[in-house]
Every structure is written in structure tokens, then in C-alpha cells.
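# Architecture at a glance
Each chain, written out:
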Amino acid sequence: MLRFQNIISRHMRTTSRMPKKKTTKEKTTTHVNPAETTGPVKSNKDGSISITIQAKPGAKQNAITDVSSDGIGIQIAAPPVEGQANTELVRYLASVLGLRKSHVELDKGSKSRAKTIKLVDTTLSVEEIVNKLTTEKGS
């Protein structure tokens, strides 16, 4: 019995120790334009631009209803069936921004109202995109 206790206590001494905490290097902060990191329109590391969308399918006509820090509210004149609203959303955004449909991609949210649109191969800046969306909302 004593031998069994010795084995158990030896095992507990070697395995119950927590591993030492690894030291982490200090992160260097880079100065980034705050307009590019906050709000619904963001610039990505790969050069693309992401737009956060709150889609409202089944409307009478396509329209931008809201431009806020949470996202761009867009009414879509297509039913949310078999991706029809997603296709119409991409087409509408391409026409508003003056881009080709192939440069506007649905990145996230294919079955949700909260979507992320990715703009690739565009020469537009974040500020220009926000201005175009705001202008479309006002008209």
C-alpha cells in the first residue's frame, strides 16, 4: 500500500505543475486612419474593401435606407428565395458605386439579413464609397 501511495504522489508532483507562462513580445502599434477601421465601410489588408449591409428583401424598389456606424440599410426589390435578393443586392450596389458586378462579391451572410460585401479590384477609396452611398440615400 505504501508503494502505491509513493507512485501516486510522485506522479502528482510531476504532472500537476502548471506550465510556465510564455512571455509575449510587445505589440507595435501602427497608426491607421480611424475612418478606415470604424463604420460600415472598411479597408482590408489585401487591398479589398468590406461593406457591412443590413438587407431588407421583398421591398417595392431598391433603395438605401440608412447609413450608420452599424451598417448600410438597403431595401432589395427581390424575394429572399434561392439567392434572388443576394443577386439583386450585388447588382444594385455595383450600379450605385459605378463598378462591374464582377468586382462586387457577397463575402458573408448568404442566408442572413446581416451581410458583408467585398469590393475587389477597385480604385475607389473608403471615403468615396461612403459619399456615394450617402448621396444615393439622399436621392
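Residues numbered from 1 in each chain as written. Predicted model: local features only at pLDDT ≥ 70, side-chain atom pairs only at ≥ 80, totals over all residues. Heavy atoms only, no water.

### Considerations on the pattern of salt bridges
What counts here: Every case where a carboxyl oxygen of Asp or Glu lies within 4 Å of a side-chain nitrogen of Lys or Arg is listed as a salt bridge. Every helix listed is a DSSP run of H or I at least four residues long, and every strand listed is a run of E at least two residues long, numbered separately from the N terminus. Partly exposed residues are those whose accessible area sits between 20% and 50% of the maximum for their type, while under 20% is buried and over 50% is exposed, using a 1.4 Å probe and protein chains only.
Per the counting criterion, the structure on display carries two salt bridges. R91 is the salt-bridge partner of E88, the closest N and O atoms lying 2.5 Å from each other. In this pair, E88 and R91 both sit in helix α2 (residues 84–97), three residues apart, roughly one turn of the helix. With relative accessibility at 18%, the residue E88 sits in the buried group.

### Describing the environment of V81
Of note, V81 is situated in the loop between β4 (72–76) and α2. Residue V81 is classed as partly exposed on the basis of its relative accessible area, which comes to 42%. Between the alpha carbons of V81 and G58 there is a distance of 9.8 Å; along the sequence they are 23 residues apart.

### Overview of the side chain of T122
Rules: Each polar contact in these results corresponds to two N or O atoms within 3.5 Å; when the atoms are within protein, one needs to be able to donate a hydrogen and the other to accept it, and residues that are neighboring in sequence are counted only if both atoms are side-chain atoms.
Examined against the element boundaries, T122 turns out to sit in the loop between β6 (114–119) and α3 (126–138). A distance of 3.1 Å separates a polar atom in the side chain of T122 from the backbone nitrogen of L124.

### Let's talk about the pairing of β6
Look at any regular strand and the pattern is simple: side chains alternate between the two faces of the sheet. Filter applied, for reference: Between any two strands, pairing holds if DSSP finds at least two bridges.
For β6, a buried count of five out of six residues is recorded, marking the element as mostly surrounded by other parts of the structure. In terms of strand pairing, strand β2 (residues 49–57) meets β6 through six bridges, oriented antiparallel. Within β6, the residue paired with S50 across the bridge is K118. The pairing of strand β5 (residues 104–108) with β6 spans four bridges and is classified as antiparallel.

### Some points on the side chain of S50
Secondary-structure assignment places S50 in strand β2. With relative accessibility at 12%, the residue S50 sits in the buried group.

### Section: α2
Quick note on the threshold: A helix's residues, less one, multiplied by 1.5 Å, set its expected span. For this analysis, residues touch if any pair of their heavy atoms sits within 4.5 Å.
In this model, α2 (14 residues) spans 20 Å end to end at C-alpha, consistent with the 20 Å of a helix rising 1.5 Å per residue. The element α2 is largely enclosed, with a buried count of ten among its 14 residues. Residues A85, N86, E88, L89, V90, Y92, L93, A94, V96 and L97 constitute the buried set of α2. Its buried side turned inward, α2 meets β2, β3 (63–67), β4, β5, β6 and α3. Positive phi appears at G98, one or two residues downstream of α2, with a value of about 70°.

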